[in-house]
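Results of the structural survey
Spelled out, the chains give:
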Amino acid sequence: MRLEYFQLIDRIIDLKLADRKISAETTVPNTSTIFEGHFPGFPLMPGVLLIEAMAQTSGWLVVAANRFERMPFLAAVKDAKLRMFVTPGHKLSVEADLVHEGSGYAITQARILFDGKPICDATLTLRVLDFPNAEMKLRMREAASRVGFPGEVLPNG
Amino acid sequence: MSSTFDTIANIIAETCDIPRDSIKPESHAINDLGIDSLDFLDIAFAIDKAFGIKLPLEQWTQEVNDGKATTDQYFVLKNLSARIDELVAAKGT
C-alpha cells in the first residue's frame, strides 16, 4: 500500500471471472504523512481509504470482466460499515463479488478482512466507460502488472 | 400480478423516495420526476433484477445523443414499461 500514490492494493491473490470474484492483499504502511493528521498520536487508516481499497479491488474485477476494454469509475457507496480500527502494519485481505453487470455500470459487494474477521464492507456502484484516452489505458496496464493482474485476462497477453 | 408499470413505479418510489401516487404512466422520469442519471442507475439495477433483463441504457443514450430517438421514447414510464415488456419477451424467444 502506497498511500501517497493512492495505490491501495499490493497484489491480486485470486481473480475468478467465472465466479465473478476477486481477492487481493495489502499491508498498511508503518509510516505515512497521512498518519500525522489521522490522528496525531493515534495513527489510524482512514475509513475513506478503506473504501477506496474496496473500490480499487472491485475495479480490477470489473476491468477483467470487460477484458480491459473499459474503465470503471466509482459512482456510489452504499451501506458502508467500518467495523474496527485499522492501524499501521495491518495486513488486510480485500474481496469483492460482481453482483450485477448493467449497461454502463456494475454493482459489487466488497469487504475487507483482517485475520479472517470482517473490518469493513459496502455495496459499490461503478460507472463503466470507455477509457478516456490511450495514455490512461497504458498506465492502467502498467498498474495491472504491478498488482499481478492475471495475464490471461489482458488482451494480447 | 402487478403490471410492468406498477412494478417500476414501486421501484422508483422506493429508490428515489418519491410519493407513489405522484408517479403516473405519463410521467417522464427525468423531466417530471427529477431523477438524475446516478439515481437512474439504482432504478436500472432494480429493474434488471426484477425482470431478469439488462436495460440497454448505453444504447438508448447513444440514440438520444445521435438524434435518432427522444428521451420520451425511453423515459416516459408507459414507454419504458413497453420497452421492458419487449426485452422480457425477447428473452423468452
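Residues numbered from 1 in each chain as written. Chains lettered and ligands numbered in written order. Predicted model: local features only at pLDDT ≥ 70, side-chain atom pairs only at ≥ 80, totals over all residues.

What to know about the overall build of chain A
This is how the line gets drawn: Secondary structure elements are defined from DSSP: runs of H or I of at least 4 residues count as helices, runs of E of at least 2 residues count as strands, and each element is numbered from the N terminus. With the radius of gyration taken over C-alpha atoms, the globule rule is written as 2.2 Å times the number of residues to the power 0.38. Every C-beta atom is placed from the backbone, and the number of other C-beta atoms within 10 Å of a residue's own sets its class: buried at 20 or more, exposed at 12 or fewer, partly exposed in between.
For chain A, the helix and strand inventory stands at three helices and six strands. Moving toward the C terminus, one meets the helices and strands of chain A in the order β-β-α-α-β-β-β-β-α. Relative to the 2.2 N^0.38 estimate, which gives 15 Å for 157 residues, the radius of gyration of chain A is 15 Å and therefore close to what a compact globule would have. In terms of principal-axis extent, the alpha carbons of chain A reach across some 50 × 30 × 25 Å. Going through the 157 residues of chain A one by one, you find that 31% of them count as buried.

With respect to the interface of chain B and chain A
The condition that has to hold: Here, residue contact means that the backbone-derived C-beta atoms of the two residues sit within 7 Å. Ten residue types, Ala, Val, Leu, Ile, Met, Phe, Trp, Tyr, Cys and Pro, are classed as nonpolar, four, Asp, Glu, Lys and Arg, as charged, and the remainder, Gly among them, as polar.
Listed by partner, the interface residues are 10 residues for chain B and nine residues for chain A. Sort the elements by how many residues they give to the side of chain B that touches chain A and helix 2 (residues 37–51) of chain B lands first, with five residues. Classifying every residue of the side of chain B that touches chain A by side-chain character gives seven nonpolar, no polar and three charged.

A closer look at the confidence of the model for chain B
Should pLDDT be low for a region, the predicted coordinates there are not to be read in detail. Defined as follows: Scored between 0 and 100, pLDDT is the confidence that the predictor attaches to each residue.
On average, residues of chain B carry a pLDDT of 94, and 98% of them reach 70 or more. The ipTM for the predicted assembly is 0.90, set against a pTM of 0.93.

Let's talk about the environment of Ile 8 of chain B
Turning to its location among the elements, Ile 8 of chain B is positioned in helix 1 (residues 4–16). Apart from residues lying up to four places away in sequence, Ile 8 of chain B is in contact with Ile 47, Leu 77, Leu 80 and Ser 81 of chain B.

Side note on the pairing of strand 4 (residues 91–101) of chain A
Residue and element names in this part refer to chain A. Worth spelling out the cut-off: In this scheme, strands are said to pair when DSSP sees at least two bridges between them.
As paired strands, strand 2 (residues 21–27) and strand 4 are joined by seven bridges and run antiparallel to one another. Bridge pairing in strand 4 places Lys 21 opposite Asp 97. The antiparallel hairpin formed by strand 4 and strand 5 (residues 105–114) contains three residues in its connecting segment, where Gly 104 sits at a positive phi of about 85°.

Some remarks on the pairing of strand 1 (residues 11–16) of chain A
Strand residues, when the strand is regular, have side chains that alternate between the two faces of the sheet. Residue and element names in this part refer to chain A. As judged from the five bridges shared by strand 1 and strand 2, these two strands associate in the antiparallel manner. Following the sheet pairing, Ile 12 is matched in strand 2 by Ala 24. Hairpin connection, strand 1 to strand 2: the antiparallel pair is bridged by four residues, and Arg 20 has positive phi, about 60°.

Structural notes on the sheet that holds strand 2 of chain A
Residues and elements named next belong to chain A. Applied cut-off: Here an angle of 0 to 180 degrees is reported between the N-to-C directions of two axes, which are lines fitted to C-alpha atoms, with helices fitted over the stretch in contact.
Strand order in the open sheet formed by six strands is 1-2-4-5-6-3, with antiparallel pairing between adjacent strands. Strands at the two margins of the open sheet, each flanked by one partner only, are strand 1 and strand 3 (70–82). Averaged over all neighbouring strand pairs, the angle between strand axes comes to 20°, with direction disregarded. Contacting strand 1, strand 2, strand 3, strand 4, strand 5 and strand 6 (117–130), helix 2 (residues 47–65) runs over the sheet at an angle of about 50° to strand 4.

Examining the nonpolar core
All names here are of chain A. The following threshold applies: Here a nonpolar core is just a set of buried residues of the types Ala, Val, Leu, Ile, Met, Phe, Trp, Tyr and Cys, joined wherever their C-beta atoms sit within 7 Å.
Counting 54 residues, the largest nonpolar core has Leu 50, Met 54, Trp 60, Leu 61 and Ile 112 as the members making the most contacts within it. Counting residues per element, this core draws most heavily on helix 2, at 10 residues. Filtering out sequence-adjacent residues up to four positions away, Met 54 remains in contact with Val 94, Ala 96, Ala 110, Ile 112, Ala 122 and Leu 124.

Side note on helix 3 (residues 134–146) of chain A
The condition is simple: Multiplying 1.5 Å by the helix residue count minus one yields the expected span of that helix.
Taking 1.5 Å of rise per residue, the 13 residues of helix 3 of chain A would be expected to cover 18 Å, and the 19 Å separating its terminal C-alpha atoms lies within 8% of that figure. Looking at the residues trailing helix 3 of chain A, positive phi occurs at Gly 148 of chain A, about 75°.

Re the environment of Glu 14 of chain B
Looking at the element boundaries, Glu 14 of chain B is found in helix 1. Spatially, the C-alpha atoms of Glu 14 of chain B and Ile 43 of chain B are 9.4 Å apart, while their sequence positions differ by 29 residues.

Examining helix 5 (residues 77–91) of chain B
Residues and elements named next belong to chain B. To keep things clear, this is the line we draw: The arc in question is traced by the directions running from the helix axis to the C-beta atoms.
A rise of 1.5 Å per residue sets the reference length of helix 5, with its 15 residues, at 21 Å; its end C-alpha atoms lie 21 Å apart and thus fit the reference within 8%. For helix 5, every residue scored as buried is listed here: Leu 77, Leu 80 and Ile 84. Here the buried residues of helix 5 occupy an arc of 55° about the axis, which is enough to place them on one side. Counted as exposed and oriented over 90 degrees from the buried face of helix 5: Lys 78, Glu 86, Ala 89 and Ala 90. Those residues of helix 5 hidden inside the fold are in contact with helix 1, helix 2 and helix 4 (71–75).

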